[in-house]
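In case you want the letters, here they are:
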Amino acid sequence: MKPTAILTTAIVLAASCTAQEGRFDGNATALMDRFQDNISKGVMMYGHQDDLMYGHTWRIDRDETEFLRSDVKEVCGKYPAVLGLDLGGIELASEQNLDGNYFSAMRSSAIAHYLRGGVVTFSWHPRNPLTDGDAWDVSSKEVVASILDGGSRHELFIGWLSRVADYFLSFETPDGQMVPIVFRPWHEHTGSWFWWGRDLCSVDEYKALWKMTFDYMINERGLRNLIWSYSPGAGGVTEEIYMERWPGDDMVDMIGVDCYQYSTSETFISELVNALDIMKKVGEERGKMLAVTEAGYEGILQADWWTATLHKALKDYPLAYVLTWRNACDKPEHFYAPFPGQSSAEDFTAFASLPDIGMID
Ligand code: BMA
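Bear in mind the structure is a predicted one, so any value in this text is a computation, not a measurement. (Residues numbered from 1 in each chain as written. Predicted model: local features only at pLDDT ≥ 70, side-chain atom pairs only at ≥ 80, totals over all residues. Heavy atoms only, no water.)

*Asks:* Describe the overall build of the chain, with residues and values.
*Replies:* The secondary structure content of the chain amounts to eleven helices and twelve strands. Over its C-alpha atoms the chain spans a radius of gyration of 20 Å, differing by no more than 12% from the 21 Å that the globule rule assigns to 361 residues. Expressed as lengths along the three principal axes of its C-alpha atoms, the size of the chain is roughly 75 × 45 × 45 Å. Across the 361 residues in the chain, those meeting the buried criterion constitute 57%. Excluding contacts between residues fewer than 6 apart, the proportion of contacts in the chain whose partners are at least 24 apart in sequence is 76%. A total accessible area of about 14500 Å² is found for the chain, and carbon and sulfur atoms account for 52% of it. Averaged over its 30 positive side-chain charges, the chain has a centre that lies 3 Å from the centre of its 53 negative ones. (Helix = DSSP H or I, 4+ residues; strand = E, 2+ residues; numbered from the N terminus. Rg over C-alpha atoms; globule rule 2.2 N^0.38 Å. Buried < 20%, exposed > 50% of the residue type's maximum accessible area, 1.4 Å probe, protein only. Contact = heavy atoms within 4.5 Å. Areas by Shrake-Rupley, 256 points an atom, 1.4 Å probe, with all protein chains shown as cover. Lys, Arg positive; Asp, Glu negative; His and termini not counted. Charge placed at Lys NZ, Arg CZ, Asp CG, Glu CD.)

The structure is reproduced here in structure tokens:
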């Protein structure tokens, strides 16, 4: 190798090392430390999707600034420690996400929540970049291939990523602090209901999709406020399936799972415990934190579900948090946290008061 080539190689290597170094800014590092500290004390935070945006019977105004309402707070007197939000729709530069939340209001709520001592996490249900359908449009197996480098939709998709990066870069407090965000792209990929799901792309395509997303955010755009969470679905998962599409230890910070109750409490507990056993092993081997990134029982049809089912499944695992899904204000049966008068409200209050459950004031 010529000396100039050696020098060039050294510079390229140094540049890529620098890009990976210092991946977290001070606030993201502080959040990682806070999760670890909680875990060492046996405390997991409770989270709720869209908690400050709407509840079972209400929705905030577009220009809301206070973000005081929360179904969870109205039941137990405390806010969830984790606020979940979704980016779906940002790729089209829409003002509102797929569930009607204004992006500007989501940002304000996230900043308010962070300043209250809370944690923010984002999922993304992007539209289908090849068919123009939604995230659930699984009519083509070519979608992921089409957005990778060289694909017909690659440029379009980089434009989508740039909107996500711009949005995340705008999560700044009035005194110039970046809000740390747990970002969990390409979730539930062990199932086949999203265009990035298991039967819809190959193992290599999925890994390339994650890497492209990560490289763009971290190396191209320099985002340092993101903690990356991997969130397969719990259904039928084995260690082999859980790890089949693992993007790489350097591109994942948190080991997650999404798990819903569709039948009995026993089935839900055994499915979640099965996933958590796998995650605990993987987490120990790779030095990563664990979280239940989505969970729930639509309509919460069991009055003691929180203590007798959810907590029973989780209590023996070192978890950063557990997040239950949204309380849709326009679909009366679609809720995953109680509201005043809901049959599990009392049990939820007992759950939220347990010493191992983290809430905020
Ligand atoms: C699903 C449902 C949908 C919603 C989507 C994204 O689980 O709650 O109604 O649009 O999540 O938030």
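*Asks:* Tell me about helix α7 (residues 203-220), residues and numbers included.
*Replies:* Each turn of an α-helix holds 3.6 residues, which means side chains three or four residues apart point in the same direction. The terminal C-alpha atoms of α7 lie 24 Å apart, and with 18 residues this matches the ideal 26 Å at 1.5 Å per residue to within 8%. Those residues of α7 lying buried are Y206, L209, W210, M212, T213, F214, Y216, M217 and I218. One or two residues past the end of α7 sits G222, with phi positive at roughly 70 degrees. (Expected span 1.5 Å × (residues − 1).)

*Asks:* Describe the packing of helix α10 (residues 305-314) against helix α11 (residues 345-352), and please don't skip the residues or the numbers.
*Replies:* Contact geometry for α10 and α11: axes closest at 8 Å, N-to-C directions at 50 degrees. Taken together, the axis directions place α10 and α11 in an arrangement best described as oblique. Contact residues: W305, W306, T307, L310 and H311 in α10; D347, F348, A350 and F351 in α11. In terms of residue class, the contact of α10 with α11 is built from six nonpolar, two polar and one charged. (Axes fitted to C-alpha atoms, helices over the stretch in contact; angles between N-to-C directions. Parallel < 35°, antiparallel > 145°, perpendicular 65-115°, else oblique. Nonpolar A, V, L, I, M, F, W, Y, C, P; charged D, E, K, R; others polar.)

*Asks:* Describe the environment of G341, and please don't skip the residues or the numbers.
*Replies:* Looking at the element boundaries, G341 is found in the loop between β11 (319-324) and α11. Sequence-wise, G341 and T57 are 284 residues apart; in three dimensions their C-alpha atoms are separated by 12 Å.

*Asks:* Residues and numbers for the pairing of β11, please.
*Replies:* Taking burial as the measure, the six residues of β11 include six buried ones, the bulk of the element. Strand direction decides the pairing type here: strand β10 (residues 289-296) and β11, joined by three bridges, are parallel. Within β11, the position partnered with A295 by the bridge is T324. For the crossover that starts at β10, traverses α10 and ends in the parallel β11, the hand is right-handed. (Pairing = 2+ DSSP bridges. Right-handed = clockwise from strand over helix to strand, strands pointing away.)

*Asks:* A description of the site of the ligand should follow, citing residues and the corresponding values.
*Replies:* Taken together, L98, D99, H125, W136, W325, R326, K331 and H334 make up the full set of residues adjacent to the ligand. At a separation of 2.6 Å, an oxygen atom of the ligand approaches a polar side-chain atom of D99. For the ligand, an oxygen atom lies 2.9 Å from a polar atom in the side chain of K331. If the ligand stood free it would expose 310 Å²; the protein chains cover 79% of that surface. Across the shell around the ligand, the residue classes break down as three nonpolar, two polar and three charged. (Near = heavy atom within 4 Å. Polar contact = N/O pair within 3.5 Å; in protein donor to acceptor, adjacent residues only side chain to side chain.)

*Asks:* Can you lay out a nonpolar patch on the surface for me, pointing to particular residues and giving the numbers?
*Replies:* Taken together, the side chains of L98, W136 and W193 define a hydrophobic patch exposed on the protein surface, amounting to about 310 Å² of accessible area. Inspection of the secondary structure puts L98 in the loop between β5 (82-86) and α4 (103-115). Its relative accessible area of 38% is what places L98 among the partly exposed residues. (Patch = residues over 30% accessible without salt bridge, like charges linked within 9 Å, V, L, I, M, F, W, Y side chains within 5 Å. Salt bridge = Lys/Arg side-chain N within 4 Å of Asp/Glu carboxyl O.)

*Asks:* Tell me what's going on with the packing of helix α9 (residues 265-286) against α10, and back it up with residues and numbers.
*Replies:* Closest axis-to-axis distance for the α9/α10 pair is 8 Å, and the angle between their directions is 25 degrees. Taken together, the axes of α9 and α10 are roughly parallel relative to one another. Relative to α10, α9 is oriented so that their crossing is right-handed. Residues S265, F268, I269, L272, V273 and L276 of α9 pack against W305, A308, T309, L310, K312, A313 and L314 of α10. Considered class by class, the residues forming the contact of α9 with α10 number ten nonpolar, two polar and one charged. (Left-handed = near helix turned anticlockwise from the far one by under 90°.)

*Asks:* So what about the pattern of salt bridges? Which residues, and what values?
*Replies:* Here the structure, examined in full by the defined rule, presents 17 salt bridges. Here E239 ties to K281 by a salt bridge, and the two come within 2.8 Å at their closest N and O atoms. Of this pair, E239 sits in helix α8 (residues 239-244) while K281 sits in helix α9; the two residues are 42 residues apart in sequence, bridging distant segments of the chain. Close ionic contact of D316 with K315 constitutes a salt bridge, the shortest N to O distance being 3.4 Å. Of the residues examined, K315 reaches a relative accessible area of 44% and is grouped as partly exposed. By sharing partners, the salt bridges in this structure join R184, D258 and E294 into a single network.

Remember that the coordinates give geometry; whether it matters functionally is a separate question.
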